[in-house]
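Reading the structure
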Amino acid sequence: MDNNAPATDNPVDYIQHHLQPLAVGDGFWRINIDTMFFSILLAGIVMIIAYRVGKRVSDGAPSGMQNVLESLIDFVNGLVKEAFPKPNKIVGPIGLTIFVWVLLMNAMDLIPVDLLPKLADMMGIHYLKVVPTTDPHTTFAMSLSIFLLCIYYNVKIKGFGGYMKSFMVHPFGIYLAPVNFILTLVEELAKPLSLALRLFGNMFTGELVFLLIALLPWYIIPIPGSLWAIFHILVITLQAFIFMVLTIMYISMASEESH
Amino acid sequence: MNVTATLFGQMITFIVFVWFIKAYLWEPLTQAMESRTKKISDGLAAAEQGQKKIEQATIEFSTRIDQAKTQASSIITDAESKSKNIVEEARVAAREEAQKIAKTSSQQLEQEINVAREKLKAEVAAMSLLCAEKIISKEIDKKMHDKIIDEVVNK
């Protein structure tokens, strides 16, 4: 694609170009470099901040970044304590990580939609998807990890037999076991699927609307662009929050003694 | 979406991220928050204890003050009664002394009166003798005169 060609010359090409990930490899070994790069970059930034704060943490009066992170931890801990009757060591960190990570990855959406791809184009990289959460690999990676953790907790708390039994007897009792099995299976599989697709769908459509706005003449762009960006701040935060709350809920449901 | 290495890469990233946050942020920070909570509650408990101690000290202080006040007032009343006694004794002694002095002085006065009376008697006698001599030189009726002298002397 020609660098200087206006986006409006060929809208379909423009959008398709933007939705094309920067990928290498084929088949299973196909790796979306842009997704990996930006998600790991954001995770790295958070890890550096977390490491610096965690290293010189003090139980006196907190200040600066420690204050911010403490209020975040308090916020997540409040949700965890509401959902969990018994204390659980791993859910809090998972919830916090998801919230911060998803929030930051979603926030990449607010960077002007052409800025980073254009810069990359100048450096010879012709495809770039900036927002990792518009790649289903990212959202499914999180939701499947949580799904596996849910299975682990189910087996750990109820035992393998107990877990299987819960497939058989809910929701209609043991006499309708096959129906129950199918229903519960669908219910369980719907959890990670809906979790991942909700975030992916929201971010993907958000990105798409930004692309459509970018197709407008330059003197019209600022009005719908800024309006959508302001509205999108809400979507970004809300989706991160929903992902975290549902994660906490699913794990708490998995670690209940019995339904 | 195909299952690709990207998915597993993202899963590994996610797991590492969670582990890192748990190890380096969540645990130290929650521990710090807990220990801060404990510190604050300890501090509040200590403050409450201090308040109690102050209250006790105030009570003790006021009882001590009361004791001291009663002691002082009893000392004052003692001193007052003692001083009254002393004044009373002094008054009695002074009165007795005064009476004694009055008695002796009146006795002396009487004596002096007596002495003066004797002197007066003697002088009267001498004067009468003188008178008699003068009368004698004029009249020689001794009998009459003797009678007069006797009357005078007897007086």
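Residues numbered from 1 in each chain as written. Chains lettered and ligands numbered in written order. Predicted model: local features only at pLDDT ≥ 70, side-chain atom pairs only at ≥ 80, totals over all residues. Heavy atoms only, no water.

It is worth spelling out the overall build of chain B at this point. Of regular secondary structure, chain B possesses two helices and zero strands. Dimensions of chain B, computed from the C-alpha atoms along their principal axes, are close to 200 × 20 × 20 Å. With 155 residues in all, chain B has 16% of them scored as buried. Looking at chain B as shown, the accessible area adds up to about 12900 Å², and 61% of this sits on carbon and sulfur atoms. (Helix = DSSP H or I, 4+ residues; strand = E, 2+ residues; numbered from the N terminus. Buried < 20%, exposed > 50% of the residue type's maximum accessible area, 1.4 Å probe, protein only. Areas by Shrake-Rupley, 256 points an atom, 1.4 Å probe, with all protein chains shown as cover.)

Once that is clear, we can look at the pattern of salt bridges. Opposite charge on two side chains lets them pair, provided their charged atoms get close. Going through the model one piece at a time under the given rule, you end up with six salt bridges over all chains. A salt bridge links Lys191(A) to Glu188(A); the shortest N-O distance between them is 3.3 Å. With Lys191(A) and Glu188(A) both in helix 7 (residues 177-214) and three residues apart, the pair spans about one turn of that helix. Each of the two residues, Lys191(A) as well as Glu188(A), counts as buried. Close ionic contact of Glu27(B) with Lys22(B) constitutes a salt bridge, the shortest N to O distance being 2.7 Å. (Salt bridge = Lys/Arg side-chain N within 4 Å of Asp/Glu carboxyl O.)

The next point concerns the nonpolar core. One recurring pattern in soluble globular proteins is that nonpolar side chains are buried together. Core analysis: the biggest nonpolar cluster contains 54 residues, and Leu96(A), Ile98(A), Trp101(A), Met142(A), Ile251(A) and Leu25(B) have the highest contact counts within it. When residues of this core are traced back to their parent elements, those giving at least two are helix 2 (33-55), helix 3 (65-83), helix 4 (91-107), helix 6 (136-169), helix 7 and helix 8 (222-254) of chain A together with helix 1 (5-138) of chain B. Excluding residues that lie within four positions of it along the chain, Trp101(A) makes contacts with Ser39(A), Leu42(A), Ala43(A), Met142(A), Gln10(B), Thr13(B), Phe14(B) and Phe17(B). If you look at the next biggest cluster of nonpolar residues, it comprises seven residues, including Tyr14(A), Phe210(A), Leu211(A) and Ala214(A). (Core = buried A, V, L, I, M, F, W, Y, C linked by side-chain atoms within 4.5 Å. Contact = heavy atoms within 4.5 Å.)

A separate point is the environment of Tyr250(A). All names here are of chain A. Note that Tyr250 resides in helix 8. Among the residues examined, Tyr250 registers a relative accessible area of 12% and is labelled buried. Between the C-alpha atom of Tyr250 and that of Leu176, which follows or precedes it by 74 residues, the distance is 25 Å. Apart from the residues lying within four places of it in its own chain, the contact partners of Tyr250 are Cys150, Lys191, Ser194 and Leu195.

This part is about the interface of chain A and chain B. In this assembly, 48 residues from chain A lie in contact with 30 residues from chain B. Buried surface at the junction of chain A and chain B, summed over both partners, amounts to about 3500 Å²; 79% is from carbon and sulfur atoms. The three residues of chain A that bury the most area against chain B are Met47(A), Asp59(A) and His137(A), which together make up 19% of that side's buried surface. Ionic pairing is found between Arg36(B) and Glu70(A), a salt bridge with its closest N-O pair at 2.8 Å. Where chain A meets chain B, there are nine residue pairs in polar contact (both at pLDDT 80 or more). Those elements that place two or more of their residues in the side of chain A that touches chain B are strand 2 (31-32), helix 2, helix 3, helix 4 and helix 6 of chain A. (Buried area = accessible area lost by both parts, 1.4 Å probe. Polar contact = N/O pair within 3.5 Å; in protein donor to acceptor, adjacent residues only side chain to side chain.)

What follows covers the environment of Glu188(A). Residue and element names in this part refer to chain A. The buried category is assigned to Glu188, whose relative accessible area is 12%. Along the backbone, Glu188 and Asp135 are 53 residues apart, and their C-alpha atoms lie at a distance of 23 Å. Look past the residues within four positions of Glu188 in its chain and what remains in contact with it is Phe147, Asn154, Tyr163 and Phe167. Only 3.3 Å separates the side chain of Glu188 from the side chain of Lys191, close enough to count as a polar contact.

Before going further, it helps to examine the packing of helix 3 of chain A against helix 1 of chain B. Put simply, helix 3 of chain A and helix 1 of chain B touch, their axes get as near as 10 Å, and they point 90 degrees apart. As far as their axial angle goes, helix 1 of chain B and helix 3 of chain A are roughly perpendicular. Contacts between helix 3 of chain A and helix 1 of chain B involve Gln66(A), Leu69(A), Glu70(A), Ile73(A), Asp74(A), Val76(A) and Asn77(A) on the former and, on the latter, Leu25(B), Trp26(B), Leu29(B), Thr30(B), Met33(B) and Arg36(B). The class makeup of the residues in the contact of helix 3 of chain A with helix 1 of chain B is seven nonpolar, three polar and three charged. (Axes fitted to C-alpha atoms, helices over the stretch in contact; angles between N-to-C directions. Parallel < 35°, antiparallel > 145°, perpendicular 65-115°, else oblique. Nonpolar A, V, L, I, M, F, W, Y, C, P; charged D, E, K, R; others polar.)

Our focus in this paragraph is the side chain of Lys129(A). All names here are of chain A. Relative to the helices and strands, Lys129 is located in the loop between helix 5 (115-122) and helix 6. In terms of polar contacts, Lys129 uses its side chain to reach the backbone carbonyl oxygen of Thr134, at 3.2 Å. Those residues in contact with Lys129 that lie beyond four places of it in its chain are His18, Leu19, Gln20, Pro21, Asp34, Phe38, Thr134 and Asp135.

With that settled, consider the confidence of the model for chain A. For chain A, mean pLDDT is 86; residues scoring 70 or higher make up 96% of the total. Note that residues 1-5 of chain A has pLDDT below 50 and, in this model, four contacts with residues that lie over four places away or in other chains. (pLDDT = per-residue confidence, 0-100.)

Applying the stated criterion across every chain yields a total of 18 aromatic pairs over all chains. The interplanar angle of 75 degrees and the centroid separation of 5.1 Å between the aromatic rings of Phe37(A) and Phe38(A) together place this pair among those described as edge-to-face. Note on Phe37(A): relative accessible area 47%, which makes it partly exposed. One aromatic cluster in this structure is built from Tyr51(A), Trp19(B), Phe20(B) and Tyr24(B). (Phe/Tyr/Trp six-rings, centres within 6.5 Å; stacked < 30°, edge-to-face > 60°.)

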